[in-house]
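One-letter residues, chain by chain:
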Amino acid sequence: MRDEVAAAYGGTTQTAHAATNGPGDPDLASDIAPAVPGPTTLRRPKFGVFFWICIGWLAILAFCTIFAGLLPLQNPNNNDFAAGINAGISWHHWLGTDQIDRDNLSRLVWGARTSLIIGLLGTAIGMGIGGTLGMLSAYVRGRFDSALSFSMYCGLAFPAIIAVIAILSFWGSSEWHIILVLGLFTVPLIYRLVRAATLATATKEYITAAKSQGATSFRVLFHDVFPNVAPSLIAYTIFTLGGIIAVEGALAFLGLSVTGPSWGNMISDAGNDVGVKLPFILGPAIALFLTLISLNFVGERIRVHYDPGEVKL
Amino acid sequence: MARYLLKRVAALVGIIWIISVLCFLLMHMLPGDPSQSVLGFSWTPASGRIWDQQHGFTGSLIHQYWYWLQRVLEGNLGLSSSGQTVDSIIGGSFKIDLELVLYSQILSFLFAIPLAVYAARRPGGALDSSATAGTFAFYCLPAFILVIWLEQLLTVTYHVFPGPSTTAFPTGGGFFNELMTNLHVMFLPSLILAIGTTAVYYRLLRSEMAQTLQEEFITVARSKGLSNRRILWRHALRPSSITLLTSTGNNVALLITGLFIVEVKFALPGVDGDLINAVRAKDYVLVQGIALVTAIVVVVVNFAIDIITTFVDPRIARA
């Protein structure tokens, strides 16, 4: 599903969705089952070069996000009338200017900041609420679990993207509204994933052993369950981050994103410009593509790395 | 089995009821006044009150919900601010969504199934690695980028497909011509939708197939001397396709609410396009109606897929 908001909403849902397909969910190139049964020892698969390239790209993004204000960039909202609209690459504007004379490079860097901040804070809300409830629910079980699971199921069934569009267009789409709404709508998705992951751990023998030794629930949950669920949590966090960044882009496509520079805004502004020249959406499109590839690949690799059982399939 | 079905139907009714409450609350949560958006310039506090009374917007929230629910159960979703009934608007545009979903899923299967079947034949081989990497790349390319790109490339630069101004359902020219024109117009939007799901289906089916091909009955089939093609398509594909079926259900449900990027870009008069217009026009009743109808469709599709999978694999019902 993607698409966006389809992608978008498509996006969030799709990225997260791909991760929800459970045991059948194929890993990327890594999980290839050997045609001839190989040695049965489980070895943690290596991360590989591409993994570190992806990490490198994410590090660049993080750097841009933190230091955007300190870099020697022009004001991303400043119109340089001397350069003219849709100007090509020049010494003064390394990536040219956009349809209202603003510097593309500077908007790209500030856009990274917008995308990453919305993604990180939205994910924090989703993980904070959905992750905590999912872990508790799977550990406590009983009535609490049934009631919570049913209400989360209703939340999943409700077409989130419709609510997102309605709420953002009636309330206005400030950065905080977007973060809050997207974060809240990922809660049921994350809840379901984390609950399933915790459930698989909470029924293991070492948890029973810990309980029988008289450990308190708090200790079992944080000392025995959490460390074993953590790798999956990290992977889901990364997938969610990618999903929210993609949804923000799709919202921008509908004119429902922030007013400042963001990749989604740059792509949709250029795309809606009459007589658009394709190279002008290249910068933000490539940046977004690389970011989504990096996040999905890194998340997938981390999941495979810490869960070698699944690699064997 | 009967008990399982009964339980599922009860849950379905419960979920639909909760969704109706959510849709109702969603509209009441939004700021503004429906009477104002309908009456426009002729709105005065007095005329607004009369409108509210006529359309059940007075009294407590529970009272209003009850009034609305009664109308909905009669099949009356209310009057949009354009004067048309919400049912007729949704009824008119739903067929576009239906066609987009079906068309894109057929395209998706046409790409994903052969690719996955042949890739699984030699895991780690050239076809497998390149197809896995390729679908992964497409999976990371959001539809709103594809839509701008492909539209520009295939309708503006090269006139392979008609642009957004073309009507989806031309009249005249006989049934066959009309069908071909329609399929031609709808191809590009469907292709863009299909690209995302193809990656998901490919990954699922490839991994299932690779597993199935190591089962003993495949070795038996091989030792009987059956051709590779027959083993792949007749023996291995069917047991591998259950996850694909479940995933298709999820994706269809997601797509129904995920069409608006192509509907907006290609100016297709579907439900998601209606929603965007309704939101822009602050048409509360229409937003509410669309939310309700699509939510119910999503739930029912998922329900149907669940039931179908229990017939394909009856162990699920006993679990």
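Residues numbered from 1 in each chain as written. Chains lettered and ligands numbered in written order. Predicted model: local features only at pLDDT ≥ 70, side-chain atom pairs only at ≥ 80, totals over all residues.

## A short note on the overall build of chain B
When its secondary structure is counted, chain B shows 15 helices and 0 strands. Based on the C-alpha atoms only, the size of chain B along its principal axes is roughly 85 × 60 × 40 Å. Contacts in chain B between residues far apart in sequence, at least 24 positions, make up 71% of those at least 6 positions apart. (Helix = DSSP H or I, 4+ residues; strand = E, 2+ residues; numbered from the N terminus. Contact = placed C-beta atoms within 7 Å.)

## Structural notes on the overall build of chain A
When helices and strands are counted, chain A shows 11 helices and 0 strands. In sequence order, chain A lays out its α and β elements as α-α-α-α-α-α-α-α-α-α-α. Out of the 313 residues in chain A, the part that is buried amounts to 49%. Expressed as a percentage of contacts within chain A between residues at least 6 apart in sequence, the contacts between residues at least 24 apart total 72%. (Buried ≥ 20, exposed ≤ 12 C-beta atoms within 10 Å, placed from the backbone.)

## Here's the deal with the confidence of the model for chain B
Looking at chain B, pLDDT values average 82 and 94% of them are 70 or higher. Complex prediction metrics read pTM 0.80 and ipTM 0.81. (pLDDT = per-residue confidence, 0-100.)

## Notes on unusual backbone geometry
Residues and elements named next belong to chain B. Phi at Ala267 is positive, roughly 50°, even though this residue is not glycine. Using a count of 14 C-beta atoms within 10 Å as the deciding quantity, one classes Ala267 as partly exposed. A positive phi is found at Lys282, a non-glycine position, where the angle reads about 55°. Mapped onto the fold, Lys282 is located in the loop between α13 (271-280) and α14 (284-312). For Lys282, a count of 19 C-beta atoms within 10 Å corresponds to the partly exposed category.

## Quick look at the nonpolar core
The nonpolar side chains of a soluble globular protein tend to be buried with one another. Judged by nonpolar contacts, the single largest core of 149 residues is most densely connected at A:Val164, A:Ile165 and B:Ile290. The dominant element in this core, judged by the number of residues it contributes, is helix α8 (residues 174-212) of chain B, at 16 residues. (Core = buried A, V, L, I, M, F, W, Y, C linked by C-beta atoms within 7 Å.)

## Topic: the environment of B:Ile290
You can see B:Ile290 is positioned in helix α14. In the structure, B:Ile290 is positioned 213 residues away from B:Leu77 in sequence and 9.3 Å away in space, judged by C-alpha atoms. Here B:Ile290 is in contact with A:Ile162, B:Ile90, B:Val271, B:Asp274, B:Leu275 and B:Ala278, once residues within four sequence places are set aside.

## So, helix α6 (residues 175-202) of chain A
For α6(A), spanning 28 residues, the distance from its first C-alpha to its last is 38 Å, which sits close to the expected 40 Å at 1.5 Å a residue. At A:Val187, α6(A) shows its largest kink, close to 35°, and the proline A:Pro188 lies no more than four residues downstream. (Expected span 1.5 Å × (residues − 1). Bend = angle between axes of the 7 residues up to and from the residue.)

## Here's the deal with the packing of helix α7 (residues 143-157) of chain B against α8(B)
All names here are of chain B. Where α7 meets α8, the closest approach of the two axes is 10 Å, and the angle between their N-to-C directions is 145°. As for how α7 packs across α8, the hand of that crossing is right-handed. Across from Ala143, Leu146, Val147, Leu150, Glu151 and Leu154 in α7, the residues of α8 making contact are Leu188, Ile192, Ile195 and Gly196. Across the contact of α7 with α8, the residue classes tally to 8 nonpolar, 1 polar and 1 charged. (Axes fitted to C-alpha atoms, helices over the stretch in contact; angles between N-to-C directions. Left-handed = near helix turned anticlockwise from the far one by under 90°. Nonpolar A, V, L, I, M, F, W, Y, C, P; charged D, E, K, R; others polar.)

## Quick word on the packing of α6(A) against helix α8 (residues 217-253) of chain A
Residues and elements named next belong to chain A. Two elements in contact, α6 and α8, have axes separated by 10 Å at closest approach and are oriented at 150°. Taken together, the axes of α6 and α8 are roughly antiparallel relative to one another. Between α6 and α8 lies a crossing whose hand is right-handed. Facing α6, whose interface residues are Ile178, Leu182, Thr186, Ile190, Leu193, Val194, Ala197, Thr198, Thr201 and Ala202, α8 presents Val225, Asn228, Val229, Ser232, Leu233, Tyr236, Thr240, Ile244, Val247, Glu248 and Leu251. (Parallel < 35°, antiparallel > 145°, perpendicular 65-115°, else oblique.)

## A closer look at the confidence of the model for chain A
Residue and element names in this part refer to chain A. In this model, chain A carries an average pLDDT of 76, and 74% of its residues clear a pLDDT of 70 or more. This stretch, residues 1-38, has a pLDDT under 50; its non-local contacts, to residues over four places away or in other chains, come to 147 contacts. Within the model, pLDDT remains below 50 along residues 309-313, and this stretch shows 12 contacts once partners closer than five positions in the same chain are excluded.

## Brief notes about the environment of A:Val164
All names here are of chain A. Position of Val164 among the secondary structure elements: in helix α5 (residues 160-171). Overall, the presence of 25 C-beta atoms within 10 Å leaves Val164 in the buried class. Sequence separation between Val164 and Leu182 is 18 residues, and the spatial gap between their C-alpha atoms is 7.3 Å.

## A closer look at the environment of A:Leu168
Residues and elements named next belong to chain A. Here Leu168 is to be found in helix α5. Overall, the presence of 20 C-beta atoms within 10 Å leaves Leu168 in the buried class. C-alpha separation for the pair Leu168 and Leu251, spaced 83 residues apart in sequence, amounts to 9.3 Å. Setting aside anything within four residues of it in sequence, one finds Leu168 in contact with Ser173, His177, Ile178, Val181, Leu251 and Leu256.

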